[in-house]
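Observations on the model geometry
Chain by chain, the residues:
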Amino acid sequence: MRKASSNWLGKTIMSLMFGVLIISFAVWGIADIFKGYGQSSLATIGSTEISTEQFRNLYTDRLQQIGRQFGRPLTSEQARQFGLDRQVLQQVIAESTLDETARRMGLGLSDADIAQAISNDPNFKGLNGKFDHERFLQTIRQFGYTEARYIAEQRRVSLRRQLTGTVAAGFVPSKLQLEALVRFQNEQRSADFIRLTAAQAGTIDPPTPEALAAFFEERKPLFRAPEYRKIAILPLSPDDLAKWTTVSDEDARKVFEQNRERLVTPERRHVFQIAFPTLEEAKAARERIAAGTSFEDIAKERKLTAADTDLGLVSKDSMGDPALASAAFALAPDTVSEPVKGALVTALLKVTKIEPGVSPTYESVADKIKRELALERARSQVQDLRNKIEDERGGGANIAEAAQKLGLKAITIEAVDRSGRGPDGKPVAGLPQGVDLVAQAFASNIGVENDPIQINGGDLWFDVLGITPSRERTLDEVKDQVEARWRDEQIATRLRAKATEMVGRLDKGAKLDAEAAALNVKVETASLFRRDADLKTVPEALVAAAFRTAKDGNGQVEGSKGTEWLVFRVTDIVVPPVDLAAEDVKKLKDTLLRAQVEEQIAEYVTHLESQIGVTINQQAFAVATGATSSQ
């Protein structure tokens, strides 16, 4: 239809066709289109209704967010396999329940509070350090938000935090819980082990043609040639455009002059402070220091710790109290000030280290300023180019044609399978990072106009240009691969049997070093490793198996690959004493606290759902997640 309407004759014919269609609607009516109206609700929470389309949009957003976290977006089919559709539904219902509760309780936030929170977000600040509305729009668009939708979402999130914050207040993990978890986490084990490899499997005779053919027939799907697709890609983001945007020295220098003060690294000093309740006490202490008592001894006499006196390496502006700051930045190194009366305290100050401030030259920051300026200019150009690309596509052009007309560069991937590899079995170069373009290409078809994918603050368009169907390979095509797999399975079978026999002998009293000597392998030792050990010299499978085995117990486990097998003996188990003041214990306490808080909030939300009432339309849910058709 696009191509047909690209000239005056086609436009005339298409106008006539649509005119007839409109007249037919007027004559015959369109009531059937709206049949079932009002039944499109997917879930109802009290008086809050979630439509199928609304949930579909939320579901798509969540899948994209999860995809960005993993660096490889999930398809709807994969999401259902992992149960993410149900998880998202539960999350949406929980959020809607809190929103409904906030509405019933009359909670609210002013527009000024929301505006201030957004303005203070460092992600939205420009070159001058102030809120940049254009950057704000580009950033939220990258995550699929319009300005109005983002503001509304921030308001809802803040109200939810008000509700859940009161429920979770005052939670503290019990000492018994914490000690049990610390013991479990810090338990250490030692083990001796030997590696059985292909060398211990003995001689593997080549398979007969009949055996190889039978092996291939049983596993033919493993050697099937995958489906390949030819794809044209057109990325358009501020980063891409910035690479081709030239910024003059005149423009960059102007920005440098406007932001010179912000670019300066201020002088910093390591300042120590002893506070006194009265000026008289401060003067008396200063006299004692002049007579030979050290600054540190005065602090000890007043029972002050290093944390009480050490203000750290600070700039003048960061000290907060102007009087104290002026005095500290007037001191010579390793000298003590006279008593200084600040806004809240009277103090003696000491400076031990001075880092001079640095005023950068234009030449030292020119490249950075030019990059940032180019990026800002590119952001303003993206929207215009986006519209032009869509206009070209609307006129019947494919991605490659649109790119050529607009002076952009499209990328053509000649052949890629579902795993992102080419016919040579290697990863295909040129695929964009941070988005699973391949999965979306395999969900499309030749000639289908695909929606652009949001990436790096911009968009990525793609067309499927060709499809090479999957097919069964003949044995002659993959003979080397089949032989290699056959050999690996033979080795694994022999090693597993040999390891089982060895563990049986060890359980009856044989020694591991004697078994190792008989096989001409060495005994390796892994000492005092924890459950979360990441040791280059100890296989991961051994760590897990050792913690399932008692002290002086023996075991076997597959190594890092099928052609390696490990036989081991646990030689020691150590449970270190619990130090509740240790830094790792404090982190564990925070983790446990978060888990308890999340559990309590979940119970609270479940209680609210039972009070308010929740209804779910399973058919609409299946349609929204792509599990079934709406037809």
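Described below are features of the structure shown in this document. Residue numbers restart at each chain and count upward from 1, following the sequence in its written direction. pLDDT decides what is reported in this predicted model: residues at 70 or higher carry local features, side-chain atom pairs at 80 or more are listed and counted, and totals for whole chains, interfaces and linings draw on all residues regardless. Side-chain descriptors were evaluated using all non-hydrogen atoms of the structure, hydrogens and water having been removed beforehand.

**Regarding the nonpolar core**
What we call a nonpolar core is a set of buried Ala, Val, Leu, Ile, Met, Phe, Trp, Tyr and Cys residues that are connected through their side-chain atoms within 4.5 Å. Throughout this description, buried means an accessible area under 20% of the type-specific maximum (1.4 Å probe, protein chains only), exposed means over 50%, and partly exposed covers the range between. One finds I194, L196, V482, L495, M502 and V567 to be the most contacted residues of the largest nonpolar core, which totals 22 residues. When contributions to this core are tallied by element, the ones reaching two or more residues are β3 (188–196), α9 (209–218), α20 (479–507), α21 (512–519) and β15 (565–574). When residues in this core are grouped by element, the largest group, 8 residues, is from α20. Contacts: residue pairs with any heavy atoms within 4.5 Å of one another. Those residues in contact with L196 that lie beyond four places of it in its chain are L495, A499, M502, L519, T563, E564, W565 and V567. Residues Y59, L84, V88 and V92 belong to the second largest nonpolar core, which totals 18 residues. Counting from the N terminus, the helices are DSSP H or I runs at least four residues long and the strands are E runs at least two residues long.

**Structural notes on unusual backbone geometry**
The backbone of K303 shows a phi angle near 55 degrees, a positive value even though the residue is not glycine. With respect to the element layout, K303 can be found in the loop between α14 (295–301) and α15 (306–309). Exposure remark for K303: the relative accessible area of 75% places this residue in the exposed category. Although it is not a glycine, D334 adopts a positive phi angle of roughly 60 degrees. By the element assignment, D334 lies in the loop between α16 (322–328) and β7 (335–336). Classification of D334 by relative accessible area gives exposed; the value is 54%.

**Remarks on the sheet that holds strand β16 (residues 614–616)**
Taken together, 3 strands build an open sheet; the order of strands is β2-β1-β16 and the sheet is antiparallel. Edge strands, defined here as strands with exactly one partner in the open sheet, are β2 (48–51) and β16. With direction set aside, neighbouring strand axes in the sheet form an average angle of 15 degrees. Both strand β1 (residues 41–45) and β2 contribute to a ladder of 4 bridges, which runs antiparallel. Across the sheet, the residue bridging to S41 is S51, located in β2. Together, β1, β2 and β16 form the strand contacts of helix α4 (residues 84–105), whose direction differs from that of β1 by roughly 45 degrees. Whether two strands pair depends on DSSP finding at least two bridges between them. With axes taken as lines fitted to C-alpha atoms, and helix axes fitted only over the stretch in contact, angles between N-to-C directions fall between 0 and 180 degrees.

**Remarks on the layout of surface pockets**
Grid points spaced at 1 Å and placed over the protein atoms alone form the basis of the search, with a cavity being a set where a 1.4 Å probe fits but cannot get out and a pocket an open set showing protein on both sides within 12 Å along at least five of seven lines. Lining residues have an atom within 4 Å of a point. Grid points are joined across faces, edges and corners, and a volume is the space filled by probe spheres set on the points. Here the second largest pocket defines a volume of roughly 940 Å³. Taken together, 30 residues line the second largest pocket, and the ones lying closest to its centre are R62, Q65, Q91, E95 and R160. Among the elements of the structure, α2 (52–70), α4, α6 (133–142), α7 (147–168) and α23 (583–612) are those that each provide at least two residues to the lining of the second largest pocket. The leading source of residues in the lining of the second largest pocket is α4, at 8 residues. Each residue is assigned to one of three groups, with Ala, Val, Leu, Ile, Met, Phe, Trp, Tyr, Cys and Pro labelled nonpolar, Asp, Glu, Lys and Arg labelled charged, and all others, Gly among them, labelled polar. Of the residues in the lining of the second largest pocket, the class split is 15 nonpolar, 8 polar and 7 charged.

**Some thoughts on the sheet that holds β15**
The sheet built from 4 strands is open, its strands ordered β13-β3-β15-β14 with antiparallel pairing. With one partner strand each, in any of the chains shown, β13 (524–529) and β14 (554–558) form the two edges of the open sheet. Strand-to-strand twist in this sheet, taken as the mean axis angle between neighbours without regard to direction, amounts to 30 degrees. Sheet strands in contact with α20 are β3, β14 and β15, and its direction is about 170 degrees off that of β14. Packed on one face of the sheet, α21 meets β3 and β15 and runs near 20 degrees to β3.

**Overview of the packing of aromatic side chains**
Stacked, tilted and edge-to-face pairs are distinguished by plane angle, under 30 degrees for stacked and over 60 for edge-to-face with tilted covering the rest, among Phe, Tyr and Trp rings (Trp via its six-membered ring) whose centres lie within 6.5 Å. Applying the stated criterion across every chain, the model contains 9 aromatic pairs. When the ring of F124 is compared with that of F131, the centres are 6.4 Å apart and the planes differ by 90 degrees; the resulting orientation is edge-to-face. Residue F131 is classed as partly exposed on the basis of its relative accessible area of 32%. Considering the side-chain rings of F216 and F223, the 5.9 Å spacing of their centres and the 40 degrees angle between planes classify their relative orientation as tilted.

**A look at the environment of T164**
Checked against the element boundaries, T164 lands in helix α7. Between the C-alpha atom of T164 and that of A602, which follows or precedes it by 438 residues, the distance is 9.5 Å. Setting aside anything within four residues of it in sequence, one finds T164 in contact with L98 and I601.

**Considerations on the packing of α9 against α20**
Axis separation between α9 and α20 bottoms out at 10 Å; the angle between their running directions is 90 degrees. The orientation of α9 with respect to α20, classified from their angle, is roughly perpendicular. Contacts from L212, F215 and F216 of α9 reach α20 at K479, V482, E483, R485, W486 and E489. The class makeup of the residues in the contact of α9 with α20 is 5 nonpolar, no polar and 4 charged. Throughout this description, any angle smaller than 35 degrees is read as roughly parallel, any larger than 145 degrees as roughly antiparallel, any in the 65 to 115 degree range as roughly perpendicular, and the remainder as oblique.

**A closer look at the environment of A545**
Counting through the fold element by element, A545 comes out in helix α22 (residues 540–546). Assessed through its relative accessible area of 4%, A545 is described here as buried. Separated by 25 residues in sequence, A545 and V570 place their C-alpha atoms 9.7 Å apart.

**Let's talk about the pairing of β1**
Among the 5 residues that make up β1, 4 are buried, leaving the element largely enclosed by the rest of the structure. Counted along the chain from β1 to the antiparallel partner β2, the turn is 2 residues long, and its residue G46 has a positive phi close to 60 degrees. As judged from the 3 bridges shared by β1 and β16, these two strands associate in the antiparallel manner. Note that in β16 the partner of T44 across the bridge is T615.

Shape descriptors only; they carry no functional weight alone.
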